[in-house]
Every structure is written in structure tokens, then in C-alpha cells.
Amino acid sequence: LVMSSLARPHHVALHPCRLGSRFRSVPRRVFLSATRQSYGSFQEMVDSEPLMLVDFFATWCGPCLVLSNQLSALSTGVLKDRIKIAKVDTEKYPALASQWGVQALPTLVLFKEGRMIDRIEGAPNAQQLLQWLQPHLPPSPNASGQEASPSAAA
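These remarks concern the structure in this document. Every chain is numbered on its own, with residues counted from 1 as its sequence reads. At least 70 in pLDDT is required for a residue's local features to be given in this predicted model, at least 80 for side-chain atom pairs to be given and counted, and no such filter applies to totals for whole chains, interfaces and linings, which use all residues. Hydrogen atoms and water are omitted, and side-chain values are computed over all heavy atoms in the structure.

Observations concerning the overall build of the protein
Numbering of helices and strands starts at the N terminus; helices are DSSP runs of H or I of at least 4 residues and strands are runs of E of at least 2. Counting its regular elements, the protein contains five helices and eight strands. Scanning the protein from its N terminus toward the C terminus, one meets helices and strands in the order β-β-β-α-β-α-β-α-β-β-β-α-α. The buried label applies to any residue whose accessible area, calculated with a 1.4 Å probe on protein chains only, is under 20% of its type's maximum; exposed applies above 50%, and partly exposed to all values in between. Expressed as a percentage of its 154 residues, the buried residues of the protein come to 42%. Areas reported as accessible are Shrake-Rupley estimates using a 1.4 Å probe. Residue values count occlusion only from the protein chains shown. Accessible surface, the protein: about 8600 Å² in total, of which carbon and sulfur atoms supply 50%.

In C-alpha cells form, the structure reads like this:
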């Protein structure tokens, strides 16, 4: 399971991709910036952090690439040290996607202390993503207590 995201933006449609569809958009060259970490099981992974966002994606899914870029920017900015983000490639782990009821891509599943607390399908923009996460985030480690604007992270 990969613990980071893509580093470059892609201009694609933002509607969810349906799993099993015949049409697959193939991205041009993508550049990955990721840290790999091994776990014995998915549950062990989500148990390893107080708050974890799991991005179920596929490499052929255009909206997944857009969301991946958003997550990458946010994870090094306003979300840094507040939430861990894991990516699960549904092509490599189809049983895991099925177990969690993933029927459209991208699907974001939010876990708190190892339990699923919320989920969303599609590719929200940075502001929508932060609004969705805000009620669950711990206080910012930033001493001033002010968070960067979502547009600055995107």
C-alpha cells in the first residue's frame, strides 16, 4: 500500500469512474512521489494511525489523478501531521475494494482509531475535501492556530 500521491496535476473530468467500465482514460506520463510501507493486513494499516484517509484509486482513472494531486498538495501543507493518507490500487487489491464496497473511483474512506467513520465518492476540490475532513481533524500543530487556505495548498 502506498502512503503518498502523485506530484503533478492532470486536466480530466471530475465525475467518478465506474469499476468494470469498458472506457478507461489513459493518462500521459505521471510522476510519482511516494513512500512505501508494508503492513500485515489492511486493518493493521488503519489501526496504525489515529486518523487515516484511504484513497481507493486506479491508474487508468482520470478523476483519481486529479484527486491524487489534491491530496499530495494538502498532505504537505494544511493536513501535514494531522492525518495519514494511504492509497489502495483497486487493480492490485480488488478483494479489498470489494470488501469496503468500492463501486466508483475515486472513493475516499476515512478511518478513526481503526473504524470507518465516513466515505465519499468522486474527486472533490481542495476546499470541499477540507470541509469534509475538518470535523474529524485534530488541532493543527501550527502554533498560530491559523490554517493555510485550501487554494494555497492546491
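Digging into the packing of helix H2 (residues 62-75) against helix H4 (residues 126-133)
For the pair H2 and H4, the least separation of the axes is 10 Å and the interaxial angle reads 65 degrees. Here the hand of the crossing between H2 and H4 comes out right-handed. Where H2 abuts H4, its residues Leu 67, Gln 70, Leu 71 and Leu 74 lie against Ala 126, Leu 129 and Leu 130. In this classification, the charged set is Asp, Glu, Lys and Arg, the nonpolar set is Ala, Val, Leu, Ile, Met, Phe, Trp, Tyr, Cys and Pro, and all remaining amino acids, among them Gly, are polar. Partitioning the contact of H2 with H4 into residue classes produces six nonpolar, one polar and no charged. Every angle, taken between N-to-C directions, lies between 0 and 180 degrees, and every axis is a line fitted to C-alpha atoms, over only the stretch in contact when it is a helix. Whether a crossing is left-handed or right-handed is set by the direction in which the near helix is turned from the far one by less than a right angle, anticlockwise for left-handed and clockwise for right-handed. Two residues form a contact once any of their heavy atoms are found within 4.5 Å.

A closer look at the environment of Val 46
The residue Val 46 is located in helix H1 (residues 42-47) in this model. Taking relative accessible area as the criterion, Val 46 reaches 0% and is therefore assigned buried. Here the alpha-carbon distance between Val 46 and Gly 114, two residues 68 residues apart in the chain, equals 5.0 Å. If we skip the residues at most four places from it in the chain, Val 46 touches Met 52, Val 54, Phe 111 and Gly 114.

Purely spatial values, then, with no claim about function.
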